[in-house]
Amino acid sequence: MVKELYSREIAAGIDIETMQRLKVFLGGAGNTGSHMVEHFLHNFVKNVFIVDFDKQGYEKHNFAHSSFLLHFPDDVNMPKAETLAMRANEKALEKSNFVGKTMDVKDIGPNILKHFDIVLGFFDNVSARKHLYEMSRIAGVPFLEVGISNKGSGQVQLFNHDKDAPCYCCTAPKVKSYQSCGIVYENDLSKGIVPNTDIAGNMVTIKAMRELMEYFSNPNYKCNIKHILDGETFTFKTYNMVKNSKCDVCAFDEQYDNIIEIAGSVNDTSFKSFKSQVETVLKKPVEICLSDVFVVTDNCPVCGKEHKFMKPGRKITASDLICEKCRNQQSYDHMNDRIEARNHSFTGFDELTEELQKLSLYQLGYAYGDNIIVKDSDDEQHIFTMKNDIKIINKFI
């Protein structure tokens, strides 16, 4: 069956068996993510875990620049990750294992990603791609990044985390996010321009698929090359990336060896309980730094008045910043976009109230599969992670 389906690829030297065994983490189920899944179906990749934070799901305008896998009326307003995985399993030539999960990629830590062979960052949000890259680097898993711009251009780059090679953060754009494909599409139409984000999305993912196939079939394949798509001519130019000696990621690499697993999950283990478990394991008192965790004050985005509150920083959403007075006047539950914490209080465990000590590790900003760093009374550093966090990918592995 395999020889019949992929005779040309086998003749070209592609390692079909390796490709079929690959476990792929795909971040992003929009334009480029959906096109990539379609290429997976044509190119024998069948174990893919898809993550996207979009709960509102596919809108009608998404179908103009997404894969034809998704062109079903029933897919409107359905969660992106789960829907894309469902359609892929339906269309696969062989039994496949596409699994989708709606969640924020910033809730994914390195000890989740280490269960995959490659990590793909296909979000239209640069900060999300940067987080995913940093976690893949800590996990030691190759990272393949794809993006398209508002002019229909794009880039493809594969990083294998060689010590002396440039990293994604050496060359990442100095912007928080690209415009989404939907916004680009509508802006082009309003200007009388024929939108080409769908063409660009398809072309960069074809290039990305080729990069992935070559990387796993050719041990001498050269990584850390940037392929730039010209949005007017739809041709690729290739550039050697240059390492930034002042990069805040690869210039200061930390090695995380001898990670200790303890029972529980970040979602159901209180900080107080975690500290107690760690001290039992190490048989020493420990210190756990909570820097950059709590927001102390901020301005209400509705009335502008400053108000004080205490809430875990990485889990703050836009609606959390609205003061109680404005909240009582109108419901703001729809404002669920996560924001970056501001005005941080650098707080140690001993300074926390009893109530805050009862919060879960997840509420305090730790991701699933995170590395939790503690120092014992002898000032020695130890790395812990929660064993049960792996359950979020149980259906996949």
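Since the structure is predicted, the reported quantities are computational estimates derived from the model, not experimental observations.

Caption draft 1: Up close: the packing of aromatic side chains. Within this structure, the stated rule accounts for 14 aromatic pairs. With a centroid separation of 6.3 Å and an interplanar angle of 90 degrees, the aromatic rings of Phe274 and Phe384 are classed as edge-to-face. In this pair, Phe274 is assigned in helix α11 (residues 271–282) and Phe384 in strand β15 (residues 381–386), connecting sequence segments 110 residues apart. Judged by relative accessible area, Phe274 falls into the buried class, the value being 0%.

Caption draft 2: Up close: the pattern of salt bridges. Scanning the entire structure with this criterion turns up six salt bridges. Between Lys275 and Glu279 there is a salt bridge, and its shortest N-O distance comes to 2.9 Å. Of this pair, Lys275 and Glu279 both sit in helix α11, four residues apart, which is roughly one turn of that helix. A relative accessible area of 14% means that Lys275 is categorised as buried.

Caption draft 3: Just the packing of helix α4 (residues 31–42) against helix α5 (residues 80–91), in detail. Where α4 contacts α5, the axes come no closer than 10 Å and their chain directions differ by 20 degrees. By the criterion of interaxial angle, the relationship of α4 to α5 is roughly parallel. For the pair α4 and α5, the sense of crossing is right-handed. Contacts between α4 and α5 involve Gly33, Ser34, Val37 and Leu41 on the former and, on the latter, Leu84, Ala88 and Lys91.

Caption draft 4: Quick look at α5. Its 12 residues give α5 an end-to-end C-alpha distance of 17 Å, which sits within 8% of 16 Å, the value for a rise of 1.5 Å per residue. Along α5, the positions that sit buried rather than exposed are Lys80, Ala81, Thr83, Leu84, Ala85, Arg87 and Ala88. Tucked into the core, α5 has its buried residues touching α4, β2 (47–52) and β3 (97–102).

Caption draft 5: Broad picture of the sheet that holds strand β9 (residues 260–262). With mixed pairing, four strands are arranged side by side in an open sheet as β9-β15-β14-β10. Across the chains shown, the open sheet's two edge strands, defined by having one partner strand only, are β9 and β10 (286–287). Alignment of β10 against strand β14 (residues 372–376), held across two bridges, turns out to be antiparallel. Paired with Val286 across the two strands is Asp376, which belongs to β14.

Caption draft 6: The arrangement of the sheet that holds strand β6 (residues 154–159) in detail. As summarised here, the arrangement of the eight strands in space is β3-β2-β1-β4-β5-β6-β7-β8, forming an open sheet in which the pairing is mixed. At either margin of the open sheet sits one strand with a lone partner, and together these are β3 and β8 (236–240). Across the sheet, the axes of successive neighbouring strands diverge by a mean angle of 15 degrees, strand direction being ignored. Where strand β4 (residues 118–121) lies against strand β5 (residues 143–148), three bridges are found, and the strand directions are parallel. Paired with Gly121 across the bridge in β5 is Glu145. Sitting on the sheet, α5 touches β2 and β3, and the angle it makes with β3 is about 165 degrees. Those strands touched by helix α7 (residues 126–139) are β1 (24–27), β4, β5 and β6, and its axis lies near 170 degrees from that of β5.

Calculation rules
- Residues numbered from 1 in each chain as written.
- Predicted model: local features only at pLDDT ≥ 70, side-chain atom pairs only at ≥ 80, totals over all residues.
- Heavy atoms only, no water.
- Phe/Tyr/Trp six-rings, centres within 6.5 Å; stacked < 30°, edge-to-face > 60°.
- Helix = DSSP H or I, 4+ residues; strand = E, 2+ residues; numbered from the N terminus.
- Buried < 20%, exposed > 50% of the residue type's maximum accessible area, 1.4 Å probe, protein only.
- Salt bridge = Lys/Arg side-chain N within 4 Å of Asp/Glu carboxyl O.
- Axes fitted to C-alpha atoms, helices over the stretch in contact; angles between N-to-C directions.
- Parallel < 35°, antiparallel > 145°, perpendicular 65-115°, else oblique.
- Left-handed = near helix turned anticlockwise from the far one by under 90°.
- Contact = heavy atoms within 4.5 Å.
- Expected span 1.5 Å × (residues − 1).
- Pairing = 2+ DSSP bridges.

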